[in-house]
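# Structure at a glance
The lines below spell out each chain.
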Amino acid sequence: MPKISLLWLAAEASCFAAFRSGEIWLDTDGNPIDAHGGGFLLDGGVYYWYGSARNGMSPPCCLDRGVNLYTSTDLYSWTHRGLVLHAFNSSTDNGLSLERPKVIRCTGTGQYVMWVRGSALASQLLAVATSDAPTGPFRFVGDQTDPFRTV
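Here's a quick rundown of the structure.

### Quick notes on the overall build of the protein chain
Across its full length, the protein chain carries one helix and nine strands. Ordered by position from the N terminus, the helices and strands of the protein chain form the series α-β-β-β-β-β-β-β-β-β. Taking all 151 residues of the protein chain together, the buried fraction comes to 37%. When the accessible surface of the protein chain is totalled, it reaches about 8900 Å², and 58% of it is carbon and sulfur.

### Regarding the pairing of strand 4 (residues 79–86)
As defined by bridge partners, strand 3 (residues 66–72) adjoins strand 4 across six bridges and the pair is classed as antiparallel. Note on strand 4: the bridge partner recorded for L69 is G82. Linking strand 3 back to strand 4 in an antiparallel pair, the connection comprises six residues, with L75 at a positive phi of about 65°.

### Looking at the nonpolar core
Ranked by internal contacts, the top residues of the largest apolar core, which has 18 residues, are Y50, L85, M114 and F138. Of all the secondary structure elements, the ones that give two or more residues to this core are strand 2 (46–52), strand 3, strand 4, strand 5 (97–105), strand 6 (112–120) and strand 7 (123–131). Excluding anything up to four places from it in sequence, M114 contacts Y50, V67, V84, L85, P101, K102, V103, A127, V128, A129 and F138. Membership of the second largest hydrophobic core comes to five residues, among which are I33, A35, Y70 and W78.

### Some words on the packing of aromatic side chains
For the coordinates displayed, the defined rule picks out seven aromatic pairs. Here F40 and W49 contribute two aromatic rings whose centre-to-centre distance is 5.1 Å and whose plane-to-plane angle is 35°, an arrangement assigned as tilted. Both rings, one in Y48 and one in Y50, keep their centres 6.5 Å apart while their planes meet at 20°; by these two values the pair is stacked. For the residue pair Y48 and Y50, the accessibility class agrees, reading buried in each case. Put simply, the rings of W25, F40, W49, Y70 and W78 touch in pairs and so form one group of aromatic residues.

### A look at the sheet that holds strand 2
Sheet strands pair via backbone hydrogen bonds, and the direction of the pair is either parallel or antiparallel. Read across the sheet, four strands follow the order 1-2-3-4 without closing on themselves; strand pairing throughout is antiparallel. With one partner strand each, in any of the chains shown, strand 1 (36–43) and strand 4 form the two edges of the open sheet. Ignoring strand direction, the axes of neighbouring strands in this sheet form an average angle of 25°. Summarising the sheet, strand 1 and strand 2 pair through six bridges and their orientation is antiparallel. Its bridge partner lying in strand 2, H36 is registered against S52.

### Looking at the side chain of S72
Tracing the chain through its elements places S72 in strand 3. A polar side-chain atom of S72 sits 3.0 Å from a polar atom in the side chain of D74. Among the polar contacts made by the side chain of S72, one reaches the main-chain amide nitrogen of L75 at a distance of 2.8 Å.

### A look at the pattern of salt bridges
What the rule picks out here adds up to two salt bridges. Of the charged contacts, one joins R54 and E99 as a salt bridge, the two residues approaching to 3.3 Å between their closest N and O atoms. Here R54 is found in the loop between strand 2 and strand 3, whereas its partner E99 is found in strand 5, with 45 residues between them in sequence. The exposure class of R54 is buried, given its relative accessible area of 10%. Overall, the relative accessible area of 11% leaves E99 in the buried class. In this structure, E99 and R117 form a salt bridge, with 2.4 Å as the shortest nitrogen-oxygen distance.

Cut-offs and rules
- Residues numbered from 1 in each chain as written.
- Predicted model: local features only at pLDDT ≥ 70, side-chain atom pairs only at ≥ 80, totals over all residues.
- Heavy atoms only, no water.
- Helix = DSSP H or I, 4+ residues; strand = E, 2+ residues; numbered from the N terminus.
- Buried < 20%, exposed > 50% of the residue type's maximum accessible area, 1.4 Å probe, protein only.
- Areas by Shrake-Rupley, 256 points an atom, 1.4 Å probe, with all protein chains shown as cover.
- Pairing = 2+ DSSP bridges.
- Core = buried A, V, L, I, M, F, W, Y, C linked by side-chain atoms within 4.5 Å.
- Contact = heavy atoms within 4.5 Å.
- Phe/Tyr/Trp six-rings, centres within 6.5 Å; stacked < 30°, edge-to-face > 60°.
- Axes fitted to C-alpha atoms, helices over the stretch in contact; angles between N-to-C directions.
- Polar contact = N/O pair within 3.5 Å; in protein donor to acceptor, adjacent residues only side chain to side chain.
- Salt bridge = Lys/Arg side-chain N within 4 Å of Asp/Glu carboxyl O.

Structure representation (structure tokens):
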């Protein structure tokens, strides 16, 4: 009987073959997917899932570490690629939450453009970030000390 590596078994055990309503969805490393308010991009046969990194934050509805990225080729098994845009924190924003990231590829420039909503207290803010690759890193466009505009 052939030997099967434990790493291979762990990866297979964390992958889904079907959607399971109400269950925590795990990535290919066996960790809960952390991409709240996510947006999706299909590019070159790969699905990209961008969402707020909020697992472990208190309260999870109001703070995040930035925008996480997961990739998949089958929409079942998702691999965590890390933070592609870090949370924007300044002395005036009190830990601005980055919400609802949406990414498109600009055919004119080939760049990837992310729109992200920021919320701090009662303000609704919007910022744009760009990257040369869908995997980031993304960098805010415009004023790096305050890239957000009130909507």
